[in-house]
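# Observations on chain architecture
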Amino acid sequence: MKLGIVGLPNVGKSTLFNSLTKAGAESANYPFCTIDPNIGIVPVPDERLQVLGDLYHSEKVVPAAVEFVDIAGLVKGASKGEGLGNQFLSNIREVDAIVHVVRCFEDSNIIHVDGSINPLRDIETINLELIFSDMEILERRIARTLKGSKNDKALAKELDLLGHLKAHLEAGNPAKSFAAGDEEELVLIKEYNLLTWKPVIYAANVKEEELLEEGAGNLLVDKVKEFAEKEHSEVFVICAQIEQEIAELDDEEKKMFLEDMGLKESGLEKLIRASYHILGLISYLTAGPKETKAWTIVKGTKAPQAAGKIHTDFERGFIRAEIVNYSNLLECGSYNAAKEKGLVRSEGKEYAVQDGDVVLFRFNV
């Protein structure tokens, strides 16, 4: 899973990136301190893994991973070269979802590029830059398609789609609110890899004292939540400064810190939960003496395709999947005990793998 972090300068974007990845992206009280896109790969927190690893006496435990790409603070006109220009928008074209950090706190010591705090204005500024960038992509596609459309019905149909989609963007609408006419059009739109087609998760950055209540009573957070609900996006409340403090602690200290603050989970855990939800992802598990590992798949993935995540041979030569639910496995204390109780199932090619399934694939090539 790859997530692109965007936001205006000085909203807490790079501070959040630093705390999530411990990658040390430069963070300072002036625009454009992130000159190049920073990339950090972070393990997905999953307490089931270590428990399973201990049960199997695994040599190593390998969590799923999420890759964060931190983009320089965008400003109005970025798509036309303002600030550090459109080059940074290209860095998030390959991400699965966009994490948009919005500032929901007042602090006279931290300047705002527009002079005042207004998260909805900030969201509109970023969204317009993404729309302008997408329009450029469509214009280039239209120019290419136009050449062959006179003698090709398929290209003529695509040209019609491109025209309608471009008009939709010109009206200030994101691509994801465009209604595709059929499956064929949907495939084409996905192929264009438009920024405004991607799912969005808003990170509402608040002061420390507002974090415990999830921003309750903060009118700025309420506005972001209302906006996100209308466009079917996710929102999570975070305090980037607190996350930075947490990032310096080891796992045991982190747990104590969160408990002392009355928090159930870190910002990273909130973000990953929101990401999995909006992208429709789940994790299945494999376990053995050598390795216990989590594998991320789209919800509804059939067993052979889930096996293909491990190796293409597993999918090609798929015979069956032997599956036990994680909770059942723990209750029984071992795979053999679960098998004796009839809790290990043999599933075929049509089985949709579930979150928390502990799977042993049988295959032959």
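For the structure given in this document, a descriptive report is provided here. Note that this is a predicted model, so its numbers are computed, not measured.

### Digging into the pattern of salt bridges
Summed over the entire model, instances satisfying the criterion amount to 20 salt bridges. The partner of D46 in a salt bridge is R48, with the nearest N and O atoms 3.0 Å apart. Across the salt bridge formed by K166 and E139, the nearest N and O atoms sit 4.0 Å from each other. Residue K166 is located in helix α5 (residues 153-170), and its partner E139 is located in helix α4 (residues 119-148); the two are separated by 27 residues in the primary sequence.

### What about the sheet that holds strand β5 (residues 97-103)?
Here we have six strands laid out as an open sheet, ordered β2-β4-β1-β5-β6-β7, and mixed in their pairing. Of all strands in the sheet, those with a lone pairing partner are β2 (38-43) and β7 (234-238), marking the two edges. Sheet twist, expressed as the mean angle between neighbouring strand axes with direction ignored, is 25°. With four bridges connecting them, strand β1 (residues 2-6) and strand β4 (residues 65-70) associate as parallel partners. In the sheet register, I5 faces β4, and the bridge partner there is D70. With respect to the sheet, helix α11 (residues 267-279) is in contact with β1, β2, β4, β5, β6 (200-205) and β7, its orientation differing from that of β7 by roughly 180°.

### Topic: the side chain of T196
Along the chain, the position of T196 falls in the loop between α6 (183-192) and β6. Taking relative accessible area as the criterion, T196 reaches 6% and is therefore assigned buried. Residue contacts for T196: discarding those within four places in its chain leaves N127, L130, I131, D134, L169, P174, A175 and K176.

### Digging into the packing of α4 against α5
A pair of packed helices is characterised by two quantities: the angle between their axes and the separation of those axes. Orientation of α4 relative to α5, taken along the N-to-C sense of each, is 160°, at an axis distance of 9 Å. Viewed along their axes, α4 and α5 adopt a mutual orientation that is roughly antiparallel. In terms of crossing hand, the pair formed by α4 and α5 is left-handed. Here I131, D134, M135, L138, E139, R141, I142, T145, L146 and G148 of α4 come into contact with α5, specifically with L155, E158, L159, L162, L165, K166, L169 and E170. For the contact of α4 with α5, the per-class residue count stands at 10 nonpolar, two polar and six charged.

### Details of the nonpolar core
Side chains of nonpolar character tend, in soluble globular proteins, to be buried together. Counting residues in hydrophobic clusters, the biggest one holds 50 residues, and the most contacted among them are F68, I92 and L271. No other element matches α11, which puts six residues into this core. Ignoring anything within four residues of it in the chain, the contact list for L271 reads L3, L20, F68, V99, I201 and F236. In terms of nonpolar packing, the next biggest core, distinct from the first, is built from 19 residues, I123, L211, V237 and I246 among them.

About the cut-offs
All chains use their own residue numbering, which begins from 1 and follows the written sequence. Under the rules for a predicted model, residues below a pLDDT of 70 receive no local features and side-chain atom pairs below 80 are neither given nor counted, while totals for whole chains, interfaces and linings still include all residues. Values reported for side chains reflect all heavy atoms of the structure, with hydrogen atoms and water molecules removed beforehand. Whenever a carboxyl oxygen of Asp or Glu lies within 4 Å of a side-chain nitrogen of Lys or Arg, that contact is scored as a salt bridge. Runs of H or I in DSSP of at least four residues are treated as helices and runs of E of at least two as strands, each being numbered from the N terminus. When DSSP locates at least two bridges between a pair of strands, those strands are taken to pair. An axis is simply a line fitted to the C-alpha atoms; with a helix, the fit covers only the stretch in contact. Between two such axes, the angle follows the N-to-C directions and lies from 0 to 180 degrees. By definition in these notes, contact holds between two residues if any of their heavy atoms fall within 4.5 Å. For each residue, the accessible area found with a 1.4 Å probe, counting protein chains only, is set against the maximum for its type, and the residue is called buried under 20%, exposed over 50%, and partly exposed in between. Any angle that falls under 35 degrees is termed roughly parallel, while one over 145 is termed roughly antiparallel, one within 65 to 115 roughly perpendicular, and all others oblique. Put simply, a crossing is left-handed when the front helix is turned counterclockwise from the back one by less than a right angle, and right-handed when it is turned clockwise. Put simply, Ala, Val, Leu, Ile, Met, Phe, Trp, Tyr, Cys and Pro go in the nonpolar bin, Asp, Glu, Lys and Arg in the charged bin, and everything else, Gly too, in the polar bin. What is meant by a nonpolar core is a set of buried Ala, Val, Leu, Ile, Met, Phe, Trp, Tyr and Cys residues, joined one to another through side-chain atoms within 4.5 Å.

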